[in-house]
Structure formats: structure tokens, C-alpha cells
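Listed below are the residues making up each chain.
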Amino acid sequence: MPEQTMLKKYAELALKCGVNLQENQMLVVNSSIEGAPFARMVVKIAYEMGAKTVHINWSDDTLDRLWYENAAQEVLENVPEWRVKMFDHFAEEGAAILSIRSTNPDLLKGIESSRISASNKAAGDAMKNFRKYTMNDKITWSIVAIPNGEWAKKIFPETSEAKAIEQLWEQIFKITRVDQEDPVEAWNKHNATLSKAKDVLNDHKYKKLIYKAPGTDLTIELPEGHIWKGGSSPSEKGIEFNANMPTEEVFTLPHKYGVNGTVSSTKPLSYGGNLINNFSLTFKEGKVVDFSAEEGQETLENLLNMDEGARRLGEIAIVPHESPISQSGLIFFNTLYDENASCHLALGKAYPSSVKGGAAMDDDALDANGVNNSITHVDFMMGSGELDIDGVKEDGSTEAIFRNGNWAINVK
Ligand code: ZN
Ligand code: ZN
């Protein structure tokens, strides 16, 4: 374990800049049992900050795997009602939701993929209402990560487990700016930088983006009234929060019927306890019509078959190749980290707030405005030092947005 002072700084940062916990507010912490010492520290600080109460949902990789191995199919296909009600209750209470993730990227390796997809689908369906609270920024929520042995060894396979964990902590502290004198102040500055970049993109009002890289030739239409976002965002009550720590992206949504061409992945995607690697997707009028993966073909197929909307895109995010996470040169096998080292797209649901007035639209209005709907939302990495992006403006003229993986327009 790292020094207590560093862990304390990380816990404080997650509560202040992540969920931005308010006095007298309820906090819900989702944590793996392995991360208990850190979770307890978070809870202690939360009470010091004036939390009304803290509820913890523990998870355990070992038990999760046993469940996937042994539970009856009908159990996998159903989420108990009490669990759905519990999360709805937290949302209605206006609780802040902090997820402390610690995932083994190979946790479910070897489990029949139809069993995994059945349970993913059930969870996606059951959590529809709760997801409205998070994806519309109705409540404050945040995801941070802490190491575990399997994950750390996946990133640093040459070293001992203890050393690998230590190295991963070091990376996490560096990337989340916890190693800086005043991490909260560092995040305020960082949020301001991302906010400036999104303002510049919003001013340009691009109609279309054209992506070109080895294995990628993709045209993405942007819906009218699309909004670029980046850094912290305000909740319904006006509380600024960072949904992901780290975050290096500016993002908006594509038009769900306006994506054409082929895109190739540039980093492995850890999805539902399995890896999908070196894959490509071909789109026609927004829908994936062809796909292949060197590794994890079946997992990719299950993801695409989750529902109608899983074959369409719900997010486009721009991350410069020179971002600090990318500069670490590491592959994290964890989307929270890898997506912030690389331009990415997401299959599945779009954030309704990415389009003007979207948070108040019903499903039909969202569809008419090109906003994709799905029970899933999965980011995948497709950026590299070879990616070029052109923007087509309203008058039909084209300009370079990205060259060789970095900004070609001035976003400062
Ligand atoms: Zn993203
Ligand atoms: Zn996303």
C-alpha cells in the first residue's frame, strides 16, 4: 500500500472534485472488497465533510466469477427487483454515487459468452431508470480506480505482484494529479483547459467529421444543436462534478443515422471480463453492418447484439495523442484509463444532454434528433499518432482539426 497521506489525498479528491459531496447529502460507494482499506478512508472523510449517511455496495471478483460459473440461466437473466429499487431509491434521495473500480480484465475468461451477455443484457434493462439519472446529470456521480493484483500484473507482467501494484498506484497518482501539491487546484485548472477546448469546438459548429488513419476511413455527421462537453459538468442542482477521474476528453454525439465507413480499434477493449482486440467495424447509415476481431470475436458479437442501439454510435471523444496517459506508453486494459489516452467512440446510448434540450426530450424526440438509445454504452479506443480528423463546416468548407493524433486547430 502507498503512503497514507497519498491515499488520503486521493480519497479527498474523489469526494471533492469527483462527486463533489455536499453537506448533509447521502453518499453511495460501490467498491470491491479488496479495496476495503481505501473505501473505509473515503467513508471517514465523507463523514468529516458532513455526509448525512454512507451506504456501501461491496463486490467481490471471486464471488462474481463463482456466480457466472454456477448460477442457473434464469438467475443470470434476471436482476432482482430489490436491487433495482435500491438504486432508484439512492437516485431519488439525490445521493452522490462514487464507484471505486478495481477490475481484473480477464475475470470472466473461459465463461460461456452467452451467459455473460444474458446477465449484461438483464442489468442494462433493469437499470434503465437509474441510468437516466446518471446519463442526464440529474445526480452527481464519479468513477475512480484502484489497483488489484491481477490488473497490475496485466499491465506490468515482468514484475512481482507487489511491485506491479506499487507501480500502478504510482501511475494512478500521477495521472489523477494526486502527486501534485494541491490536486484540487490542479483539477480546477485542468477542467478550465478542457472547458476552453470544448468552447472552441462548439464555436466551429461542424456538420461532419472525417476520420482517417490506418484501417480507418470514417465519416461522422453531427446532429444539429450538438454540444461538445469536457471537464466537469453541473448536475441538475448546479453542483459541478467530474464523472470520470481521470478525464482528458472533449466529447459530443454523432448523428445515429449519419455514420459511414470503417473504423479500426487501436487498443484492447476490456468488456464484461473479456478482451476484444484488433477489431474493426463497418458502418452504413449509422449501423454496424460488418465487423471482425482478431481476439474476442464472440464477445464483440454479443455486445453488438445487445439491442438495436448497440450497433450504433452514442459518443465521439477527442483526446490528443500527447495526453499524459498516452505519454505513459502503457496499455491499462481498463477503459477508464485507456479511453483517456486515445480518441474514442462509444457503441450504444448517447448522453441526451449532448444535444440542445436533449435532457427534456422523450424517446421519439431523441430519435428524431439523431440521439442514439440503447441499454448499453461502451467506449472503444481508435486514436493513435497516425489519426487525422477533418471538420466540414456549415458552408461546406473543410479544415484540419487533428493531424498525426494532435490538435491542428487552436483550442487554447
Ligand atoms: Zn468518453
Ligand atoms: Zn463513454
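Chains are numbered independently. Their residues run from 1 in the order of the written sequence. Key to labels: chains lettered from A, ligands numbered from 1, both in the order written. Local features in this predicted model are restricted to residues whose pLDDT is 70 or higher, and side-chain atom pairs enter the listing and the counts only when it is 80 or higher, whereas totals over whole chains, interfaces and linings include all residues. Only hydrogens and water are removed before side-chain values are computed, so all heavy atoms of the structure are retained for them.

A. Molecular detail of the nonpolar core. Of all hydrophobic cores here, the largest spans 66 residues; its most connected members are Tyr 10, Leu 15, Leu 27, Val 42, Leu 98 and Ile 100. Top contributing element to this core by residue count: helix H1 (residues 4-18), with eight residues. When we break this core down by domain, the ones giving at least three residues each are domain 1 (4-175) and domain 2 (203-407). Note on definitions: a residue-residue contact is assigned when non-hydrogen atoms from the two residues lie within 4.5 Å. Leu 27 has contacts with Leu 15, Val 19, Leu 21, Val 42, Ala 46, Thr 53, Val 54, His 55, Ala 96 and Leu 98, leaving out every residue within four places of it along the chain. Nonpolar core, defined: a set of buried Ala, Val, Leu, Ile, Met, Phe, Trp, Tyr and Cys residues in which side-chain atoms within 4.5 Å join the residues together. Here's how the labels work: a residue is buried when its accessible area is under 20% of the maximum for its type, exposed when over 50%, partly exposed in between, all with a 1.4 Å probe on protein chains only. Per the convention used, a helix needs a DSSP run of H or I reaching at least four residues, while a strand needs a run of E reaching at least two, with both numbered from the N terminus. The start and end points of each domain follow an automatic or database-based domain assignment.

B. Main features of the side chain of Ser 233. Note on placement: Ser 233 falls in strand S8 (residues 233-234). Sequence-distant contacts of Ser 233, defined by excluding residues within four places in its chain, comprise Asp 137, Ile 239, Glu 240 and Phe 241.

C. A look at the coordination of the zinc ion (ligand 1). Each metal site is built from N, O and S donor atoms within 2.8 Å (3.2 Å for Na, K and Ca), and since water is not included, such sites may look incomplete. Every protein donor of the zinc ion (ligand 1) is accounted for by Glu 249 (OE), Glu 249 (OE), Glu 315 (OE), Glu 339 (OE), His 344 (NE2) and Asp 379 (OD), and the metal-donor separations fall at 2.0 to 2.8 Å. Around the zinc ion (ligand 1), the six donor atoms sit at angles spanning 49 to 171°, and that spread fits a shape best called irregular. Coordination of the zinc ion (ligand 1) draws on donor residues from a single chain, spaced E-x65-E-x23-E-x4-H-x34-D in sequence. A distance of 3.5 Å spans the gap from the zinc ion (ligand 1) to the zinc ion (ligand 2), which Glu 315 bridges by coordinating each metal. Within this pair, whereas Glu 249 is found in the loop between strand S9 (240-241) and strand S10 (250-252), its partner Glu 339 is found in the loop between helix H13 (335-338) and strand S16 (344-348), the two being separated by 90 residues in sequence. Site shape is set this way: if four donors have all angles between 85 and 135 degrees, tetrahedral; if opposite donors are over 155 degrees apart and all others between 65 and 115, square planar for four donors and octahedral for six; otherwise irregular.

D. Broad picture of the environment of Arg 177. The residue Arg 177 is located in the loop between helix H9 (161-175) and helix H10 (183-204) in this model. Arg 177 sits in the buried class, given a relative accessible area of 12%. Each C-alpha atom of the pair Arg 177 and Cys 343 lies 21 Å from the other, and the pair is 166 residues apart in sequence. Beyond its immediate sequence surroundings of up to four residues, Arg 177 is in contact with Pro 183, Ala 186, Trp 187, His 190, Glu 248 and Pro 324.

E. Just the coordination of the zinc ion (ligand 2), in detail. With distances of 2.1 to 2.6 Å, the protein atoms coordinating the zinc ion (ligand 2) are Glu 315 (OE), His 377 (NE2), Asp 379 (OD) and Asp 379 (OD). Coordination at the zinc ion (ligand 2) comes from four donor atoms whose angles at the metal span 54 to 139°, giving a geometry best classed as irregular. The sequence motif formed by the donor residues of the zinc ion (ligand 2) is E-x61-H-x1-D. Looking at Glu 315, the relative accessible area reads 3%, which means it is buried.

F. Spatial organisation of H9. The end-to-end C-alpha separation of H9 is 21 Å, in line with the 21 Å expected for 15 residues at 1.5 Å each. Turning to H9, its buried residues number three or more, namely Ala 164, Leu 168, Trp 169, Gln 171, Ile 172, Phe 173 and Ile 175. Against the buried residues of H9 lie H1, strand S4 (141-145), helix H8 (149-155), helix H12 (324-327) and H13. Remark: Arg 177 follows H9 within two positions and exhibits a positive phi of approximately 65°. Multiplying 1.5 Å by the residue count of a helix minus one yields the expected span of that helix.

G. How the structure looks around the sheet that holds strand S2 (residues 54-59). By definition, two strands form a pair when at least two bridges between them are found by DSSP. Spatially, four strands are ordered S2-S1-S3-S4 in an open sheet, and the strand pairing comes out parallel. Edge positions in the sheet fall to S2 and S4, since each has one partner strand and no second. Strand-to-strand twist of the sheet, defined as the mean angle between neighbouring strand axes without regard to direction, takes the value 15°. Relative to S4, strand S3 (residues 96-101) is paired through five bridges, and the arrangement is parallel. By the bridge assignment for S4, Ser 99 is matched with Ile 143. All axes here are fitted lines through C-alpha atoms, helices being fitted over the stretch that makes contact, and every angle between N-to-C directions spans 0 to 180 degrees.

H. Summary view of the packing of aromatic side chains. Ring pairs are drawn from Phe, Tyr and Trp, using the six-membered ring of Trp, whenever the two centres fall within 6.5 Å, and their geometry is named by plane angle: stacked under 30 degrees, edge-to-face over 60, tilted for the rest. By the definition in use, this model includes 14 aromatic pairs. A cation sits over an aromatic face here: Lys 154 above Phe 333, 5.2 Å from the ring centre. Ring-over charges, as used throughout, are those where CZ of Arg or NZ of Lys falls within 6 Å of the ring centre and within 35 degrees of the ring normal.

I. Structural view of unusual backbone geometry. Residue Pro 246 is reached from Met 245 by a cis peptide bond, and omega for that bond is 10°. Here Pro 246 is to be found in the loop between S9 and S10. Look at Asn 24: it is not a glycine, yet its phi comes out positive at around 70°. With respect to the secondary-structure elements, Asn 24 resides in the loop between H1 and strand S1 (27-32). Notably, Phe 333 is not glycine yet its phi reads approximately 55°, a positive angle. If you trace the backbone, Phe 333 turns up in the loop between H12 and H13.

J. Region of the structure containing the domain arrangement of the protein. Taken domain by domain, the protein holds domain 1 (4-175) and domain 2 (203-407). Computed from C-alpha atoms alone, the centre-to-centre distance between domain 1 and domain 2 is 23 Å. Contacts between the two partners involve 44 residues from domain 1 and, on the opposite side, 41 residues from domain 2. Throughout, the accessible surface (probe 1.4 Å) given up by two parts as they are put together, summed over both, is called the buried area. Both faces considered, domain 1 and domain 2 share a buried interface measuring about 3,500 Å² in area, 60% of it formed by carbon and sulfur atoms.

K. Inspection of the packing of helix H3 (residues 61-70) against helix H6 (residues 113-126) at higher detail. Viewed as axis vectors pointing N to C, H3 and H6 meet at an angle of 110°, and their least axial separation amounts to 10 Å. When the axes of H3 and H6 are compared, the pair comes out roughly perpendicular. When the axes of H3 and H6 are compared, the crossing they make is right-handed. Side by side, H3 and H6 meet where Trp 67, Tyr 68, Glu 69 and Asn 70 of the first sit next to Arg 115, Ile 116, Ser 119 and Asn 120 of the second. Partitioned by chemical class, the residues of the contact of H3 with H6 number three nonpolar, three polar and two charged. Throughout this description, any angle smaller than 35 degrees is read as roughly parallel, any larger than 145 degrees as roughly antiparallel, any in the 65 to 115 degree range as roughly perpendicular, and the remainder as oblique. Throughout, a crossing is termed right-handed when the near helix is turned clockwise from the far one, and left-handed when it is turned anticlockwise from it by less than a right angle. The classification used treats Ala, Val, Leu, Ile, Met, Phe, Trp, Tyr, Cys and Pro as nonpolar, Asp, Glu, Lys and Arg as charged, and all other residues, Gly among them, as polar.

L. Seen up close, the sheet that holds S16. Reading across the sheet, the five strands line up as S7-S10-S15-S16-S17 and stay open at both edges, with antiparallel pairing between neighbours. Lying at the two open borders of the sheet, with one neighbouring strand each, are strand S7 (229-230) and strand S17 (377-381). Looking at chain direction, S16 and S17 are connected through five bridges and run antiparallel. Directly across from Leu 345, in S17, lies its bridge partner Phe 380.

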